Amino acid sequence: MLRQPVTALSLFLASALVCSTGNAATAEKTAISPIIEPEPIILPGEPVEPIIKLPVSKTISCALTARSTTATTYELNYRVTNSGAKAITSWQVQLPFNQDPKITKVSNAKISGQPLVTATNIATNGTLQSGQYTEFKLAGNHNGYFVPPTCSPYGNSSSSSSSSSSSSSSSSSSNSSSSGSSSSSSSSSSSTSSSGGLVINVDRSLIVHDQATLGSADFSLSRVMDQLAAQLNAANPSDPISGSVLFARMWDAQNPVGTRPATGIAQCNGQVNGWPIECRLGEGAQAASPLNFITQYIPIALVNRFDLRDQATFADCGEYRVVYANPISSRNFIIFEAQLPNPTPGLASGCSPIQNLWANLSANNSAVSRAATLANFYFNGIPASNIGPVIDSRNYTLNTGQIRTNQFMSGPWLLKEYKIGIQNGKNTIQVVSVKSNPVGGLFETRNTDPRAAAFQADFVQNLPTLLQPNLATFFISMANNAHNNGQSHAQIPTENDFLGHFAASRGTTFESAIAAKIQQTGSALSVDQVINRATAMTCGGCHEPGTFGISAPNAVGPGQSWPNSAGFVHVSEFAFNGEFPLSTALTQVFLPARKVDLENFLSSAKRIQIDPIIIPGITPVPTPISPVIDAKDLQLDSTNSVNTSGETPTVSPVRAKRAG
């Protein structure tokens, strides 16, 4: 006989370790995003490595059904449902806690790991018929900044006909023979495009996150910092520094003014762009022991963000990222997001050598070879095509790319942005405003700051970029950098809860102007959905949408909710089956769209002249990539509020900063 689900968490601490199962058909329905995993189509004779599926089960779903928290404790209830057509005999799910979970009690599950907790069935609740569910509970202590983790199916749930045991989390036989030199593939795996038979493996040509490739060449944070420091020294020899000193200065920028030992650069004065920010001593402490901390960071992804190119002018070729994580000293992430200039500005073909390099990785079955190719590209560029290295200080300075951090060393989760440059004669990496992250108070018409009225006018004027129907392509256009915040909270909703701020503008001309603009474009979105979309474009909203309610049904459009992260991150630092797992947002929304974009570009590139004929006065002449970095190209504002006057407006109708 099936039991009804336990709904009162007050019964939790007294509950016995017994199975609680039920029938999903009689329970409250929970929206579950389908897992789209197209089978790869391999051309005859095409040397493509066996595809390794993501460790995500198609047969079960998992959801948080009840919670109870105090200032220091939590109690959580999760439901695991067999959503497949056949009975299963085991299940496994993962819970990405934002801190050490400090679990004190568990019922109806076995758990392991922290802060990424894996929960598996016990002997009495592993077997679930189609439509049946079981529930398990956790209780523990927290540090005061607690967000209940999402619950995601993980590994392969064993069907009643499977020979694997209930504790098995191995992949199917289709991937069991892959060697250590092979890269993994996600649900957006290789497939044949409709034009020219092009095969793109997402996990080789768009986001490299397998340990085999990342570990086969030197992508260390020390190497990156050393190269950037050497470039700064050449441009500004009056302040010679090492890579470790540059690392120390980066984190010292978050220490309050007067913190010792100081590195000589401008420390945190509590504001950027005139907006208040947090000075973080927890992260800033890395400045005191740079040689210790810099070696704790590991590379977890190399990312091709060609989709971020300026598609109107092709002044650049998009961004090329490397993601580092510190899994030792709490959780801390650094993402280097280099914007590479187009060697032939105005001509799309100038970017072809870069994308051909990435595309060719799809058919390269050697992790060592792929690593060597990418290391050469990141640290040396493509000199034959007049393309400089990704790791170039000019690619992270004013009006180019940026460095972003996702921080939880001292809690709560917070994201910041940096620029490389010379400030007050010092070679450094300094905190700046976070682009595409407007200050929440600017959505309030009662705000007397003159920037509020200017922002509201700009918001309405540039609204069409937020109205695009595709989740993977809409974005917010910021016409004035002075409207950008100096940080983005992913755990505290107040800052980026734009809908909450907008409540003060109900019935005003601001709301009417938004509604009129929506109607003018023929969009089916509501005003609230548009405001929620603006929240989705912030770092905090994208990295933890549940904090702001934008992952709820219809939150960002009719039938649309913002896809989930992997718990404050989009690439987890906790490797599984030889890869660093990706978020649902990446595998199901963004990567499939980027794959189509890359395939379309490469297909078009085959039909155009790759080496353009230069016609004086008509065709843009290739811009030489100078190996000599001019100090004037790296000058930052003299104050800690770097972007107040140093950076030009960020409005652009053709680019957006996105996850991953």
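Residues numbered from 1 in each chain as written. Predicted model: local features only at pLDDT ≥ 70, side-chain atom pairs only at ≥ 80, totals over all residues. Heavy atoms only, no water.

1. A closer look at the packing of aromatic side chains
Formally: Stacked, tilted and edge-to-face are the three classes applied to pairs of Phe, Tyr and Trp rings, where Trp contributes its six-membered ring and a pair requires centres within 6.5 Å; stacked means planes under 30 degrees apart, edge-to-face means over 60, and tilted covers the rest. Here a strand is any run of E in DSSP of at least two residues, a helix any run of H or I of at least four, and the numbering for each starts at the N terminus. The buried label applies to any residue whose accessible area, calculated with a 1.4 Å probe on protein chains only, is under 20% of its type's maximum; exposed applies above 50%, and partly exposed to all values in between. Note on criteria: charge over ring means Lys NZ or Arg CZ within 6 Å of the ring centre, with the direction from the centre no more than 35 degrees off the ring normal.
A complete count under the given rule lists 25 aromatic pairs for this structure. Where Tyr78 meets Phe136, the ring centres are 5.5 Å apart and the plane angle is 20°; that geometry is what we call stacked. Linking Tyr78 in strand S3 (residues 73-82) with Phe136 in strand S8 (residues 132-141), this pair joins segments that are 58 residues apart in sequence. Its relative accessible area of 0% is what places Tyr78 among the buried residues. Taking relative accessible area as the criterion, Phe136 reaches 0% and is therefore assigned buried. Here the aromatic residues Phe443, Phe455, Phe459, Phe498, Phe502 and Phe510 are joined through ring pairs into a cluster of three or more. In this structure, Arg309 is placed above the aromatic ring of Phe306, and the distance from its NZ or CZ to the ring centre is 4.0 Å.

2. So, the side chain of Asp210
Heads up, the rule is: As used throughout, the charge tally considers Lys and Arg to be positive and Asp and Glu to be negative, leaving His and the chain termini uncounted. The term salt bridge refers to a side-chain nitrogen of Lys or Arg lying within 4 Å of a carboxyl oxygen of Asp or Glu. Any N or O atom pair separated by 3.5 Å or less is treated as a polar contact, with the protein-specific requirement of one donor-capable and one acceptor-capable atom, and with residues adjacent in sequence counted only for side-chain atom pairs.
Counting through the fold element by element, Asp210 comes out in the loop between strand S12 (207-208) and helix H2 (211-214). For the buried Asp210, no salt bridge exists, and the shortest N-O distance to an oppositely charged side chain is 4.1 Å, to Arg370. At a separation of 2.8 Å, a polar atom in the side chain of Asp210 contacts the side chain of Thr213.

3. Describing the sheet that holds strand S4 (residues 92-96)
To be explicit about the condition: Should DSSP find at least two bridges between two strands, the strands are regarded as paired.
Taken together, 4 strands build an open sheet; the order of strands is S6-S7-S4-S9 and the sheet is antiparallel. Among the strands making up the open sheet, the edge pair consists of strand S6 (110-112) and strand S9 (152-153).

4. As for the nonpolar core
Spelled out, the test is: We call a set of buried residues a nonpolar core when its members are Ala, Val, Leu, Ile, Met, Phe, Trp, Tyr or Cys and they connect through side-chain atoms within 4.5 Å of each other. Any two residues whose heavy atoms approach within 4.5 Å are treated as being in contact.
Ranked by size, the top nonpolar core spans 127 residues in total, and within it Phe336, Trp358, Tyr378 and Phe459 carry the most contacts. Per-element accounting of this core gives the leading share, 8 residues, to helix H14 (residues 584-605). Beyond its immediate stretch of four places on either side in the chain, Trp358 contacts Arg204, Ser205, Leu206, Val208, Leu302, Val303, Asn304, Tyr320, Leu374, Phe377 and Tyr378. Of all hydrophobic cores here, the second largest spans 19 residues; its members include Trp91, Phe97, Leu128 and Cys151.

5. Concerning unusual backbone geometry
A cis amide bond links Arg260 to the next residue, Pro261, at an omega of -5°. With respect to the helices, strands and loops of the structure, Pro261 is situated in the loop between helix H4 (243-252) and strand S13 (271-272). Phi is positive for Asn108, which is not a glycine, with a value near 70°. One can find Asn108 in the loop between strand S5 (103-107) and S6. Judged by its relative accessible area of 3%, Asn108 is buried. Located in the positive-phi region is Asn386, a residue other than glycine, with phi close to 65°. Note on placement: Asn386 falls in the loop between helix H8 (367-380) and strand S18 (402-407).

6. Observations concerning the confidence of the model for the protein
Formally: Per-residue confidence from the predictor is given as pLDDT, running between 0 and 100.
With 77% of its residues at a pLDDT of 70 or more, the protein shows a mean pLDDT of 80. With pLDDT under 50 throughout, residues 607-622 is counted as low confidence; its partners more than four residues away or in other chains account for 18 contacts. Below pLDDT 50 for its whole length, residues 648-655 participates in 28 contacts with residues either more than four positions away or in separate chains.

7. Looking at helix H9 (residues 450-461)
The cut-off we apply is this: One fewer than the residue count of a helix, multiplied by 1.5 Å, yields its expected span. This arc is built from the directions going out from the helix axis to the C-beta atoms.
Spanning 12 residues, H9 covers 17 Å between terminal C-alpha atoms, matching the ideal 16 Å at 1.5 Å per step. Considered for burial, the residues of H9 that qualify are Ala452, Phe455, Gln456, Phe459 and Val460. Viewed end-on, H9 has its buried residues packed into an arc of 130°, placing them on one side of the element. Those residues of H9 that are exposed and aimed more than 90 degrees away from the buried face are Pro450, Ala453 and Gln461. Buried-residue contacts for H9 involve helix H11 (509-521) and helix H12 (527-536).

8. A word on the pattern of salt bridges
Counted by the stated rule, this structure contains 19 salt bridges. Arg280 serves as the salt-bridge partner of Glu278, at 3.3 Å between the closest nitrogen and oxygen. A salt bridge links Arg594 to Asp307; its shortest N-O distance comes to 3.9 Å. Here Arg594 is found in helix H14, whereas its partner Asp307 is found in the loop between strand S15 (298-305) and strand S16 (316-326), with 287 residues between them in sequence. Here Arg594 falls in the buried class, since its relative accessible area comes to 6%.

9. A closer look at the state of the cysteines
Where we set the bar: A pair of cysteine sulfur atoms is labelled a disulfide when the two atoms are within 2.5 Å.
Applying the stated criterion to the full structure yields 3 disulfides. A sulfur-sulfur separation of 1.8 Å characterises the disulfide bridge that pairs Cys62 with Cys151. For the disulfide bridge between Cys62 and Cys151, the dihedral angle about the S-S bond is near 85°, and by the sign convention the bridge is right-handed. With a gap of 89 residues between them, Cys62 in strand S2 (residues 60-69) and Cys151 in the loop between S8 and S9 connect regions that are remote in the sequence. Each member of the pair, Cys62 together with Cys151, is buried. At a sulfur-sulfur separation of 2.1 Å, the disulfide partner of Cys268 is Cys279. Between Cys268 and Cys279 the sulfur-sulfur dihedral comes to about -75°; the bridge is accordingly left-handed. A residue pair is termed long-range when its members are at least 10 positions apart, and Cys268 in the loop between H4 and S13 and Cys279 in the loop between strand S14 (275-276) and helix H5 (281-284) qualify at 11 residues. With its disulfide-bonded cysteines labelled consecutively along the sequence, the protein is connected as 1-2, 3-4, 5-6.

10. Remarks on the environment of Ser366
Positionally, Ser366 belongs in the loop between helix H7 (352-360) and H8. The class for Ser366 is partly exposed, based on a relative accessible area of 29%. Considering only alpha carbons, one finds Ser366 and Thr213, 153 residues apart in sequence, at a separation of 8.4 Å.

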